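# Structure assessment
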Amino acid sequence: MMSHLSQRPKNPAVGVALPHESAALHVTGAALYTDDLVYRTKDVLHAYPVQVPHAHARITALHTAPALRVPGVVRVLTAADVPGINDAGVKHDEPLFPDEVCFHGHAVCWVLAETLEAARLGAAAVEVQLEPLPSLITIEEAVAAGSFQGAHPQVRRGDLESGFAASAHVFTGEIHFSDQEHFYLETHAALAHVDEGGQVFVQSSTQHPSETQEIVAHVLGLHSHEVTVQCLRMGGGFGGKEMQPHGFAAIAALGATLTGRPVRLRLNRTQDLTMSGKRHGFHAQWRVGFDDHGHIQALDTTLTSDGGWSLDLSEPVLARALCHVDNLYWIPNARFTGRIAKTNKPSNTAFRGFGGPQGMLVMEDLLGRCAPLLGLDPMELRRRNFYRAGQTTPYGQQVRHPERITATWDQVLERGEIATRTREIAAFNATHPHVKRGLAVTGVKFGISFNMTAFNQAGALVLIYKDGSVLINHGGTEMGQGLHTKMLQVAATTLGIPLDKVRLAPTRTDKVPNTSATAASSGADLNGAAIKNACEQLRERLLQVAAARLGVHASDVRIADGVARALGPGDEVVEWNELCRTAYLQRVQLSAAGFYRTEGLHWDAKTMHGSPFKYFAYGAAAAEVEVDGFTGAYHIRRVDIVHDVGDSLSPLIDIGQIEGGFVQGAGWLTLEDIRWDTGDGPGRGRLLTQAASTYKLPSFSEMPEVFNVTLLQHAHEEGVVYGSKAVGEPPLMLAFSVREALRQAAAAFGPDGVSVELGAPATPEAVYWALDAARRAREFATGESVSARA
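Definitions and limits used
- Residues numbered from 1 in each chain as written.
- Predicted model: local features only at pLDDT ≥ 70, side-chain atom pairs only at ≥ 80, totals over all residues.
- Heavy atoms only, no water.
- Pairing = 2+ DSSP bridges.
- Helix = DSSP H or I, 4+ residues; strand = E, 2+ residues; numbered from the N terminus.
- Axes fitted to C-alpha atoms, helices over the stretch in contact; angles between N-to-C directions.
- Contact = heavy atoms within 4.5 Å.
- Salt bridge = Lys/Arg side-chain N within 4 Å of Asp/Glu carboxyl O.
- Buried < 20%, exposed > 50% of the residue type's maximum accessible area, 1.4 Å probe, protein only.
- Parallel < 35°, antiparallel > 145°, perpendicular 65-115°, else oblique.
- Left-handed = near helix turned anticlockwise from the far one by under 90°.
- Core = buried A, V, L, I, M, F, W, Y, C linked by side-chain atoms within 4.5 Å.
- Expected span 1.5 Å × (residues − 1).
- Phe/Tyr/Trp six-rings, centres within 6.5 Å; stacked < 30°, edge-to-face > 60°.
- Lys NZ or Arg CZ within 6 Å of the ring centre and 35° of its normal.

This part is about the sheet that holds strand S22 (residues 563-566). Across a sheet, strands are paired by hydrogen bonds formed along the backbone, either parallel or antiparallel in direction. One open sheet holds the three strands; their spatial order is S21-S22-S23, and the pairing between them is antiparallel. This sheet does not close on itself; its edge strands, each paired only once, are strand S21 (557-560) and strand S23 (573-575). Neighbour-to-neighbour, the strand axes of this sheet turn through a mean angle of 20°, independent of strand direction. Of the strand pairs in this sheet, S21 and S22 are connected by four bridges, and their pairing is antiparallel. Opposite Val557, over in S22, you have Ala566 as the bridge partner. Sitting on the sheet, helix H15 (residues 523-550) touches S21, S22 and S23, and the angle it makes with S21 is about 115°.

The following block contains the structure:
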């Protein structure tokens, strides 16, 4: 029996492969983003930061008078100007105007000027006197100094020592993997103005308008109803605009409040890179035990994340990492320990996957390293440890639909012709001493819902006008991921009307209050259910009106394809437009507020135990790579993906999300090599990869030559809007297959059974060192010399 929430009517608008609702606007350049609104606004002032080039220092004096002498400079904002709370974070550990510089490039005050160039010159004129303080740049330095922040959570199950005692094979290892820059196309931006009643209106590129509203209000000493935040759309977010836009919006709002003029703040790319947080880099140590058949018996791991200078979202990111170490695999005895290093770097933040990728990487890396030591093919080792029916995660949640783990896996093996290609690769590698190929299959099990239960709620406001046109408002934000497209389809489906009758309004805090961030892949689940709820209220009222016209009971009326008709014989119908006008004349309310809260969640953050996720999204990917033995350079020959999105709300959108997520994951795991100055010179703590010229992003040339994406069929999910599943984050982790394929290719340069350690990201340089180590292992095993090989 399908639940009410997941049941689909006949001929629904959901499930239809539609292009993104703003696609034409995107490609023609007509789509408006926050900073485009500046050109429609009079008398705008431009804000520019005064960034201090020290990793850690105390401010002993701040001289702003020189800036005010620069032509065009109107004001310099400092801590003395804040009427409310001088803090940009929800943890109250992020002073908006700090008295201590905590990372290289920390903004200590902001200059407002008539032009951006005047603001820049004014910022350069500000004099900051400093007392340098010791700084910690790497996780290792922070650990050595005992510099930690936030909670120290732990997930436990079973008896660890008895698990290891029962293990025939015990291995230990560690891995250090890098942070990742969001590199959204649109940098952080805000535009604020104040109306004649003192109402503050902020246009912000934010994934969390309600929290931006809250922070702006507390900085200005106002109540939330005095601040309205709107987000038209974002040119990418990826988590980087969940928490970090708030301070920038507050600066613009403070400037507008003090000057009475609109204030625009938009970071240039270098400012965005140096001031905003990244994906958390992690260091992990692990000890794992297997029985003689390759089944995991015990796993003990400690994950240390690099939080940067403040907490931001580091605690929930770490919690999700600990809840995803297991990935697809049953671990009877487990201890996963987490801690957050405090370093002198920008505060790391949410990034697509939100700790999940970091937790899973520990597991996938150790399986890739241990498989040859156990004499097993890595694909076979992974498969032997899959969850089975009735099993629970180390934190106590039942793994529902574990058969989808094997279904996605087996379909990838079949569609990707893995058995045939494995033989072909072996033959290729045997005849090519200087070029090797590798093929790997990895899977994903990703929990969907916010770890914090309170965030799993959403609201919507749906308005029907007399002419039958419909306007929907919801709390989710559009960052290119297609959320608005899906919401239009949900509304049209629920009301039973054509899609062209529905329009969507920009996300605003004065339409839907107290919304959660568009994050945790839950935007469609939460907002879709809220919209469905609002539309159902309206449909029930309209059924009563139609029933009176048709002379039947309301339960015998259906609205479909824009027409209300009675069940059974008879041709009489009521057109949608006529129905809405009749309802208005009968004084029937044609607006409704919808609400949804995710049921069935419970989570104890202290014990790290419970069922924090509504369901798991599953997927599998096979990747084939080719590696050059002289340089470590490689290319991806083919990728095959089968991914579980339930009954897709919008298949074209979902396939795009899977492709994009995979590519972003491959970037993190193979290309995107963030570098910091860790020396003791004057540039200590400086981000060295400050532009696309030095920070390599995935581009067309890194795409797989063959890229096949298939949605898992017959995958209806109960209790979720129209049977769908979230798609934003889970596909990113399918990119583990690329890194594992690179490991296989590197191992092919060595003797059978060689265990390859591979850097993360697995850049060509890292791949070269891995394959070189494998080659040396072959030399040691065979007695072949380097000179003889050459």
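Once you've had a look at it, read on.
A separate point is the pattern of salt bridges. Here the structure, examined in full by the defined rule, presents 49 salt bridges. For Arg382, the salt bridge identified is with Glu740, shortest N-O distance 3.3 Å. Of this pair, Arg382 sits in helix H11 (residues 378-384) while Glu740 is found in helix H18 (residues 736-747), placing the two residues 358 residues apart along the sequence. Residue Arg382 shares its accessibility class with Glu740, and that shared class is buried. Between Arg743 and Glu740 there is a salt bridge; the shortest N-O distance is 3.0 Å. Placement of both Arg743 and Glu740 in helix H18 is noted, with a separation of three residues, approximately one turn of the helix. Among the charged side chains, a network of salt bridges with common partners joins Glu364, Asp365, Arg369, Arg382, Arg739, Glu740, Arg743 and Glu757.

The interhelical angle for the contact between helix H14 (residues 483-495) and H15, taken along N-to-C directions, is 25°, at an axis separation of 9 Å. The angle between H14 and H15 places the two elements in the roughly parallel class. Handedness of the crossing formed by H14 with H15: right-handed. For the pair H14 and H15, the contacting residues are Leu483, Lys486, Met487, Val490, Ala491, Thr494 and Leu495 in the first and Gly523, Ala524, Asn527, Gly528, Ile531, Lys532, Cys535, Glu536, Leu538 and Arg539 in the second.

Counting residues in hydrophobic clusters, the biggest one holds 105 residues, and the most contacted among them are Val288, Phe290, Leu299, Val627 and Leu742. Residue contributions to this core peak at ten residues, all from strand S27 (residues 615-628). The next biggest cluster of nonpolar side chains, apart from the first, holds 53 residues, and it includes Leu526, Ala534, Ala546 and Val557.

Turning to H18, a few remarks are in order. Taking 1.5 Å per residue as the helical rise, H18 with its twelve residues ought to reach 16 Å, and the 17 Å between its terminal C-alpha atoms agrees with that figure. Residues of H18 that are buried: Phe736, Ser737, Val738, Arg739, Glu740, Ala741, Leu742, Arg743, Ala745, Ala746 and Ala747.

On to the sheet that holds strand S2 (residues 57-63). Spatial strand order, S4-S2-S6: three strands in an open sheet with antiparallel pairing. Among the strands making up the open sheet, the edge pair consists of strand S4 (100-101) and strand S6 (127-132). When S2 meets S4, the two strands line up antiparallel, connected through two bridges. Within the sheet, the bridge partner assigned to Ala57 lies in S4 and is Val101.

Counted according to the given criterion, the structure contains 14 aromatic pairs. Geometrically, the ring pair formed by Phe177 and Trp668 is edge-to-face, given 6.2 Å between the ring centres and 80° between the ring planes. Residue Phe177 is located in strand S8 (residues 169-177), and its partner Trp668 is located in helix H17 (residues 651-671); the two are separated by 491 residues in the primary sequence. Trp668 matches Phe177 in its accessibility class, with the two residues each being buried. With 6.0 Å between their ring centres and 85° between their planes, Tyr395 and Trp603 make a pair best called edge-to-face. Here Tyr395, found in the loop between H11 and helix H12 (403-415), pairs with Trp603, found in strand S25 (residues 602-604); they are 208 residues apart in sequence, far enough to count as distant. Summarising the burial analysis for this pair, Tyr395 and Trp603 share the class buried. Among the aromatic residues, those joined into a cluster by ring pairs are Tyr395, Trp603, Phe613 and Phe616. Sitting over the face of the ring of Tyr184, Lys241 holds its NZ or CZ atom 4.5 Å from the ring centroid. Note that Arg437 overlies the ring of Phe428, its terminal NZ or CZ placed 3.7 Å from the centroid.

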